[in-house]
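Observations on the model geometry
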Amino acid sequence: MTESALFQAMCGKQSWLFTVTLPLIYIVLLFLGFSREDIVEEQISEIWIPKSGSFYKDKQYAKDLGVNLNPISTFLAMALSRDGGNIFTSTRLEEVRTRMEESESLIVEYKGEKYTWDDICASNSAGLGGTYKFPCVRLTPMDLFQESRWFLDSTDRLTWYDNAIRNELVKTRVPRFGVMSQVCTSTGASSTGDFCDRTMQLRQNETYAVEQGYPKSYANPLNLFLDISDMEFNDLCKICMESAWDESMKELTQAVTGLFLVLEIELQKLIKIGTDSNTIELAKKVAAIRVDLDRTQVEEYYTHQTVRALYSQIGAEFYKTSYELLMASLSPICLGLVPGYNPTCPPESLTLQEAQQHLITFADNEFSSITTAGSPFPFWSNGNGTGIFLGGTSPVSGSGLNLGGTPLSAAKYLDLKNYGTANWSLFNSSSVVLDPTHQLLVNDPVFKWFTAGQTPFTGHCGNGNLTATGDPLVDPSLVPPLNQNVTQRWCNEFSKPYLKDSTETVQHFAKMWYARLLDSDQFLGTTQGESDPYTWTSGSGCGYSLKGKRPSYTGVNESDILRSASMEIYYLDEGASAGSIAPSVLLGGTNPKIGEYNSENPLTSVEVIQTLYIASVPENIVKRVSNCNRPGGAIDISEDDARAILTTWKERFEEIWTANWDDENSGDVMFSGYFDSIGPAKGTNERLLEDITLSSGRLTLISIVMIVLISVIFLFSFDTVKSRIGITLAGITLVILSFFAAVGLGILLGIKVNINIAWTLPFIMLGLGVDDMYIILLSLMKQGGNTKKDFLAGMDEVIVPVTMTSTVNASMFAVMQLVDIPAVFKTAQVALISVIFLYLTIMFCYPAYCYLDMRRQSAGRLDLLCCIKAKDEKNPSLDHSEQNSSEWQKSTMYSFMFSKTYKPLLLNESRGIFLLSRSIIWMTTLTLVAVGIYGIGERNVGLGLEDFFPPDHQAYVWATVRTRELASWPIKINWGQIKYHESATQMKMLKQFEDINSLPLVASVGTDSLWMANLLIWSTKLCDANVAREDPDIYECGSDQIFPKDNSTCSGSWTANIEDLKLKQFKDGTEETCASTAEGICRPASQMHGKDLEDLGIDSLSQESYCPVFDWSEEKLQFCVGKWRLYVGGVKGELLVEDDATEYSGGCGSDFYRDETVKTPIQFSASSTIYSIDLLTHDDTIDLIKETRNFCDDHDVIHCWMSGPPFNFWEQYLTSEIVLLKTSSTSVAVGFVVAAFFLILQMKREGEHPTTKIVMGSLAGAFLIAVTTVLCLIPVIGFSVIADVNFTAFSNMSFVLSVGFAVEYSVHIVHGFLSAPSNIEGAKARVEHAMSFLCIPLTLSFISSTVGICCLAFTDFKFNEVYFFRPLIIVMMVTYFNGCWFLPSLLTALEFDCLNLGKSSESDGKILAVEDDKD
């Protein structure tokens, strides 16, 4: 159907099809789209993160593999002093602590169940079976102070005690102390050399320590426990200790197992030949012992035997001093100065050996339920706690188990070596009949220990006072000091049984007593269930000591608090698992700056502190709450439930943390924070994003009302028939319906309403649609009649320019698909649909309404009240035949807008005024362009969070302070499928990690935090996994793992450090400070294991350094990595694994071994979380991206990529300028091509000029349109920059939208100029001909669009005002001026014949007379 046939059809009987069809379709689309529930785009990632490029491809690669690059969600909880002063004061820190407690106590109810922080946090476990038994991990500078211990309950403290005290210290270090002192020193009972002599002497001899250059305080025997842990595995003492420990336990386990096996056999023989009941009972005990006897039981025996010896060894000096002081106070009694009292007085002094024996006697003494702690002083008449003081020579209480005697003397008695041979006989006897009472048997401490485990004993742990003399003649003043100074109270509710008798075993009470002894002040100074990592430190962290405590701020002056805050910041384990926490992540506004302060140059002020609350994601929350350890019971929920719970919890937690942030009277501390959107569950951004997006509705409505009012005002006529209010309202309604139908279709196609759509398109697309409506309506008015011929003539004039502008606009939005930012290309998709719908409406629907309105006028019916005819039969509206275009020239609109305003200013008949006007306009345009170029030169790139949040939102404070003081984000390094099994790849991989960690914008962490580095260490002789293995019979280092295919081990080797990797930092006891991280994993030759040096053929004096590597097959790598993950570490997410983990047998849901099958070949791996720092500006962030790309993306051998907020959200800024240049230039080029095509087509169709002239003129016209567009683009961009609008996806789209408006104006004007009747002579006259009509619709379009956009200025969000209102209002002003003033002015100077392409006369014979210019 041709356009003529189309419009003729609108005049026929089927006109109703044109008036109804499209509106009905649009209504259906609008209803279907907007009736969906989830129509608003709340995920910032679906707006801001690029969807193409290498970075996107890397992320998509990981996503396709099922990798979750964001396995946790984080709340950045900030606290800052309201007055900008120091926050590290006692009162302010207490405010922070209180707010933390309030926030972490949050309970969220969902479907009748209550959920707490323990359900939501990323980790609350201390190992297998420990879920819900340890506090949730959060990183906070408040951990510097012991007041933070409030969040630990008794379960948490018990878990910490079991892990940190019992397992890590007592279970592993105490028995090794025994080996070190007995085997690895020259004076030991089983000495194999002097390997540990120096270490022992430094800790036990002050004089020797000073002579060796150590401080006097270094000589502390208890710190040998630290040495045992800290010694490197290349240390000869460590090598001796570990090998001797393992061999000793193997031999001892074999001997003990053999002992009880033979004993069981021989006892059974006795029973068969007849024996007494004691022997039968012993046989039962031995049989029971054999059932559970294993290496763990043997190690437990050895540990307690070592504690007994250790007690006498390191406690003797203190005991001797205490003894002699006490005896001095008792001298009046012992000298007989108390009449009638004759006590048993011990000697006044002791030798060190005697002191040691006293302590051994005490340890072996009977157990007392009265006063379990008892006293080692041998002053009582009996040892059970009821004896008379100074009435005998017995200590009070003890383990209840005498471990004296020669270990394995029973084996000697049983002649185990020869058992089962003809040479076997019992020791010193020709008899082969066992004597169960033989001294070598019953006095064997091994025999006594294990049989004690089968011997019942009734008692409890008691805290009663030590008894006194009981003699009233004694001066009573001697008794209270005795009880107060000597009585210790070891027992609490966790010393079971407590206060109330229970029948257990002798061994049970012995273990209890030794445990309490180790906890006593003489040893570790801990209290089970009460002590915690805040009140007891292990000495692992820099600045901490064994048996120390973290500083307190309560009642402490400001300078001392700041000195304490100048220490390294650690989590509960003092950095044992991940080193110290980078202060750049937690502290801001410090003086001195971070990196410049330490204990010698302490902090003088800190303005802001930040706590990182790390929450889990829905899939892990589902698993967490199914655990039976969960307070309140395990429950089953879906991931959707978990997502809803997490979303609610995030919002509530943020509300509690930030409460009263804007109340100056609410304390000295202001609290603000930011929750990310990972989950996916709404975070701070998303909640605000939803509010901002939805808030556009009010201003959109106001904008529509304003457009209606303006249209009504200009198209209103007092002639009630000629008035066109009804058809104007119909047109605006159709435009609105078209736009929202386009949005509805977009929603149906999966394009949610984003902030860009909500705050740009209504104001832009309605303006463009109304503009075309004005063009059509006023073209029909211009015809001067209401006949079908007038209708067809009017439509014939506008169909080409309207099609041209719509095509160019559609092309412009299509070009925006080149931009990979969802905010742009999704908005452009909806805009493209909108342009199409608007064009269909303007061309296929609205003209039909216009023709009906023309028929209304012909019928003399009133505007709006079309059922009523005008009463005045002589109304000129009824006399169409004599109407002509002169009426158009006489109209009020024409008179005001063109004749009295536009024409005198631009086309003045006075040549002087005309030339002056043209000069001013041209100079103004040149000035606009010049200022625009200057502005572009001053451009800034990037949109920060502080730009997004409104000033009255708490997150604005967080974002602003964060940018200034705490500009840090979590980041990761990711690798794809590389040759992990090859040593060269491993070295380069470590190099990439270290290079990135060495960047000034990254907080450095130790190389060993990278999984590959950890795996490499595990494969060497420096592996420490065997120190505290769960099952002593299963070895956990790489060299112990046998690859079944070829029986090789998972052992690595060492190679020269050709990549110049970092070297490990080693502790030096002479230094008062220590390194917060171990730095690298490579070593100088002097710090390598002797056997490795032999393998390399070098000695320890070599100046070279070496790094661990391995070269395995892919299959072996899979096997070895699986074993490493099982025994040592590796979290899910660092590597891809199958979902086939074995559930922990001691757990109850959600506890699994790390024994998943590793997917091979390894297609993905990632580093642990590290932190970017000091990203104070967008340029800093862009620098970080560029610098990391140098080491990662652009690496010539191994490709890796970064992930994290800086890379996700700032990646687009690397190319924002190029993207703007590409989209704008492409849009201009497309505009040129489309304009040229349509102009050639239109002029060729009219066929009155030669083809060459038509082509030349059309190309010239298209060129003028393109030039005008460029002259609009430059000022729009430049002035926007001057107005503080940075280059972002939002602003770039606004900039490119200037192309649409520039084309909207210039196409109509150029077309009108070129198609002006050829008999109109002179460029000025042809411009006047064109503008006499176009001035009005284009100005109306400008006014209505501008007023609509002005509504944006009244937004409640500054972000909208800056990034939408400012550029768009500049677009309106610049494009209108250059399009409707500069372009026509320029055309007046173009006296070229090729530009005169109009018909020889108007088709209807109506040609406007245009007078010549007059001077």
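On a predicted model such as this, the values are computed, not experimentally measured, just so you know. (Residues numbered from 1 in each chain as written. Predicted model: local features only at pLDDT ≥ 70, side-chain atom pairs only at ≥ 80, totals over all residues. Heavy atoms only, no water.)

Topic: the pattern of salt bridges
The full count for this structure, using the stated rule, is 52 salt bridges. Two residues, E299 and R295, come together in a salt bridge whose shortest N-O distance is 2.8 Å. Here E299 pairs with R295, and both are found in helix 13 (residues 295-329), just 4 residues apart, close to one helical turn. Among the ionic pairs, D1092 bridges to K1021, the shortest N-O distance being 3.3 Å. Separated by 71 residues along the polypeptide, D1092 in helix 39 (residues 1090-1096) and K1021 in the loop between helix 38 (1011-1018) and strand 16 (1042-1043) bring together distant segments of the chain. What makes K1021 partly exposed here is its relative accessible area of 35%. Residues participating in the shared-partner salt-bridge network are D246, E247, K250, R295, E299 and R1029. (Salt bridge = Lys/Arg side-chain N within 4 Å of Asp/Glu carboxyl O. Helix = DSSP H or I, 4+ residues; strand = E, 2+ residues; numbered from the N terminus. Buried < 20%, exposed > 50% of the residue type's maximum accessible area, 1.4 Å probe, protein only.)

As for helix 24 (residues 639-657)
Here helix 24 is 19 residues long and its end C-alpha atoms lie 26 Å apart, about the 27 Å a rise of 1.5 Å per residue gives. Taken together, the buried positions of helix 24 are D641, A642, I645, L646, T647, W649, K650, F653, E654 and W657. (Expected span 1.5 Å × (residues − 1).)

Digging into the state of the cysteines
Enumeration over the complete set of coordinates arrives at 8 disulfides. The disulfide partner of C121 is C136, and the S-S distance across this bridge is 2.1 Å. The sign of the -65 degrees torsion about the S-S bond sets the C121-C136 disulfide as left-handed. Residue C121 is located in the loop between helix 6 (117-120) and strand 4 (138-139), and its partner C136 is located in the loop between helix 6 and strand 4; the two are separated by 15 residues in the primary sequence. Both residues of the pair, C121 and C136, count as buried. Covalently, C1023 is tied to C1037 through a disulfide, its sulfur atoms 2.0 Å apart. Negative torsions about the S-S bond denote left-handed disulfides, and the value of about -90 degrees found for C1023 with C1037 makes this one left-handed. (Disulfide = S-S within 2.5 Å.)

Considering helix 38
When you tally the buried positions in helix 38, you get 6 out of 8 residues, the bulk of the element. Packing partners of the buried residues in helix 38 comprise helix 37 (983-997), strand 20 (1105-1109), helix 40 (1114-1127) and strand 21 (1165-1166). (Contact = heavy atoms within 4.5 Å.)

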